[in-house]
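Spelled out, the chains give:
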Amino acid sequence: MKHLSIPLNFLFVNTLLSLPVYPHDEENEITPGDLYYAQKHIKQFLTLGDGSEGLIQNEDSLSTKIKEDQEFYGRQVTGNLDPGTIEVMTGPPCGFLDPAPYRLYPGKPRWNKSFVTYSVVNYVPQLSYFETELAIWKAVNIWQKVIPLTLVRVYNIEADIMISFEPRVHGDNFPFDGRGGTLAHAFSPGQGIGGNIHFDREEHWTLRRNGVNFFHVATHEFGHALGLAHSNYRSAVMYPTYSKRHSNLFSLSIDDVRGIQHLYGTIQMLKQESALQLMPDKCDPSMSFDAVTKANGDIFLFKNEYLWRKAQNAADAKISSIQDVWSDLPSNINAACEIPGEDIIYFFKGSKLWTYTNNKLNRRSSQSIYLFGFPTYVKKIDAAVFIPQTRKIIFFVGKMFWRHVFSLLLHSSI
Ligand code: 01S
Ligand code: ZN
Ligand code: ZN
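All values derive from a computational prediction rather than experimental measurement.

Draft legend 1. The pairing of strand β13 (residues 344–349), seen in detail. Burial analysis of β13 places five of its six residues in the buried class, the great majority of the element. Across six bridges, β13 lies against strand β14 (residues 352–357) in antiparallel orientation. Within β14, the residue paired with Ile-344 across the bridge is Thr-357. Taken together, β13 and the strand that follows it, β14, pair antiparallel across an intervening segment of two residues, in which Gly-350 is found at a positive phi of about 55°.

Written out as structure tokens, the structure is:
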């Protein structure tokens, strides 16, 4: 019943540095960055097997873990951290590391009934009764809307999934560690303690930005309680580490949906009145962006309510919500364009135009694209780009394009 994975403790970071590392030539040199990722990877993905307890504290067991990982990735099993192993561990930014990153527990335990009950056993001062219940209900709903399973809140009776806030030692051999570290854990589906969810009562639980977002962690724990183990898909809810995301950036990824539907099957638009909003994945080969522009030296890629920002010297693009960067903008924009020398950025959606000068919206609200002189049959812009040499903005609309000589006149306040 117990399928808890145990986090490797901090001892590893030190242990790892003293590991036998292959002698290497220039090309295969292991950089500190590689080591950092390898350590991170080991901490995140190499968890003790089913049923075992305690933490790995010596190189022998770490080496065993590396061997397991090498086996998993189909590499020569040496137990050493050779460059090739580090490469598969860290992986290229959009590499196909693993075709099915989601994992199930051994024996694929799941709830074999269509109604599963849950109850909330106790509360903490950090969150009100309503905040707690609402966040749990939202977490439940995130999962149940994609599978033919209904979760029912019950009171005063023994539920399948008992949710509680627990102190350090709480009788299940997995004591909590106070603020930070382990935030919560859950047992895979089954009788008794199976399916139960424990939150570390000492965490700084919150539904806001500072602290640990209770709704996000609850969603992750319900994933376990329904039968999902950790996934190594970076944008998955079942990814092992908590990362601060704005709450409107939070939704299941395609990997979570595949995992949970593997266990329970799919449902066709029954409970999903609206299309399912999944966390977009920049590594998805079928992904297309709504708009792209440079702005203030960084590259911005837009998709739905999200954007990725690639800073000039950053290796990878970071996701955030459009609202966090340009709070007046809507989602699903059509085009964006920067006039670098003037610190102006235009955003287009439908027949509307938003102009930012020095990152401030020019007027209180949007303006009309017809300011640029478009005929009224133009209902939206597909793309826009500024050519510095000619100081013209090229607008693409279907099969056509327009050239517009950039003029500050458009920006004088009338
Ligand atoms: N619980 O589900 C966890 O994954 C534990 C570690 C287990 C191996 C016991 C945990 O608290 N992990 C931290 C966490 O943030 C890092 N988990 C929840 C999440 O939202 N990823
Ligand atoms: Zn516990
Ligand atoms: Zn977890």
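Further notes follow.
Draft legend 2. The arrangement of the sheet that holds strand β5 (residues 197–200) in detail. Spatial ordering of the open sheet is given by β2-β1-β3-β5-β4, a layout of five strands whose pairing is mixed. Since the sheet does not close on itself, it has two edges, and those belong to β2 (150–153) and β4 (184–186), each with one partner. Neighbour to neighbour, the strand axes of the sheet diverge by 20° on average, direction disregarded. For strand β1 (residues 115–120) and β2, the ladder comprises four bridges, and the chain directions are parallel. Considered in β2, the bridge of Val-116 is made with Leu-151. Across the sheet, helix α5 (residues 129–144) touches β1, β2 and β3 (161–166), and the angle it forms with β1 is around 160°. Sheet strands in contact with helix α6 (residues 214–226) are β1, β2, β3, β4 and β5, and its direction is about 150° off that of β5.

Draft legend 3. Spotlight on the confidence of the model for the chain. With 74% of its residues at a pLDDT of at least 70, the chain reaches an overall mean of 80. Counting interchain partners and residues more than four positions distant, the pLDDT-below-50 stretch residues 5–34 has 58 contacts. Considering only residues more than four positions removed or in separate chains, one finds that residues 44–58, a stretch of pLDDT under 50, has 42 contacts.

Draft legend 4. Structural detail: the pattern of salt bridges. Tallied over the full model, the rule gives seven salt bridges. Residues Glu-202 and Arg-168 are paired through a salt bridge, measuring 2.9 Å at the closest nitrogen-oxygen approach. Here Glu-202 is found in the loop between β5 and β6 (205–206), whereas its partner Arg-168 is found in the loop between β3 and β4, with 34 residues between them in sequence.

Draft legend 5. Up close: the nonpolar core. Trp-143, Ile-161, Ile-163, Phe-199, Trp-205 and Phe-222 are the most contacted members of the largest nonpolar core, which totals 44 residues. When residues of this core are traced back to their parent elements, those giving at least two are β1, α5, β3, β4, β5, α6 and α7 (254–264). Here this core gets seven residues from one element, more than from any other, and that element is α6. The residues touching Phe-199, leaving out its near neighbours within four places in the chain, are Ile-163, Ser-164, Phe-165, Glu-166, Phe-176, Leu-183, Ala-184, Trp-205, Phe-214, Val-217, Ala-218 and Glu-221.

Draft legend 6. The arrangement of the coordination of the zinc ion (ligand 3) in detail. Looking at the zinc ion (ligand 3), one finds its protein donor set to be His-220 (NE2), His-224 (NE2) and His-230 (NE2), positioned 2.0 to 2.1 Å from the metal centre. Taken together, the six donor atoms surrounding the zinc ion (ligand 3) define angles of 27 to 158° at the centre, an arrangement classified as irregular.

Draft legend 7. Main features of the coordination of the zinc ion (ligand 2). Around the zinc ion (ligand 2), the protein contributes the donor atoms His-170 (NE2), Asp-172 (OD), His-185 (NE2) and His-198 (ND1), which lie 1.9 to 2.1 Å from the metal centre. One way to put it: the four donor atoms around the zinc ion (ligand 2) meet at angles of 97 to 117°, and that makes the site tetrahedral. Counting along the primary sequence, the residues that act as donors to the zinc ion (ligand 2) give the motif H-x1-D-x12-H-x12-H. Looking at His-170, the relative accessible area reads 16%, which means it is buried.

Draft legend 8. The arrangement of the packing of aromatic side chains in detail. Evaluated as defined, the whole model comprises 27 aromatic pairs. Seen in terms of ring centroids, Tyr-118 and Phe-222 are 6.0 Å apart; in terms of plane orientation they differ by 85°. Their pairing is edge-to-face. Residue Tyr-118 is found in strand β1, and its partner Phe-222 is found in helix α6; the two are separated by 104 residues along the sequence. Given the relative accessible area of 3%, Tyr-118 is considered buried. Since its relative accessible area comes to 1%, Phe-222 is described here as buried. An angle of 50° between the planes, with centres 6.1 Å apart, marks the rings of Phe-348 and Phe-372 as tilted. Here the residue Phe-348 occupies a position in strand β13, and Phe-372 occupies one in the loop between β16 (367–368) and β17 (383–387), the gap between them amounting to 24 residues. The exposure class assigned to Phe-348 is buried, which follows from its relative accessible area of 0%. Judged by its relative accessible area of 9%, Phe-372 is buried. Sitting over the face of the ring of Phe-215, Lys-138 holds its NZ or CZ atom 4.5 Å from the ring centroid. A cation sits over an aromatic face here: Arg-153 above Tyr-155, 3.9 Å from the ring centre.

Conventions adopted
- Residues numbered from 1 in each chain as written.
- Chains lettered and ligands numbered in written order.
- Predicted model: local features only at pLDDT ≥ 70, side-chain atom pairs only at ≥ 80, totals over all residues.
- Heavy atoms only, no water.
- Buried < 20%, exposed > 50% of the residue type's maximum accessible area, 1.4 Å probe, protein only.
- Helix = DSSP H or I, 4+ residues; strand = E, 2+ residues; numbered from the N terminus.
- Pairing = 2+ DSSP bridges.
- Axes fitted to C-alpha atoms, helices over the stretch in contact; angles between N-to-C directions.
- Contact = heavy atoms within 4.5 Å.
- pLDDT = per-residue confidence, 0-100.
- Salt bridge = Lys/Arg side-chain N within 4 Å of Asp/Glu carboxyl O.
- Core = buried A, V, L, I, M, F, W, Y, C linked by side-chain atoms within 4.5 Å.
- Donors = N, O, S within 2.8 Å, 3.2 Å for Na, K, Ca; no water.
- Tetrahedral: all angles 85-135°; square planar, octahedral: opposite > 155°, others 65-115°.
- Phe/Tyr/Trp six-rings, centres within 6.5 Å; stacked < 30°, edge-to-face > 60°.
- Lys NZ or Arg CZ within 6 Å of the ring centre and 35° of its normal.

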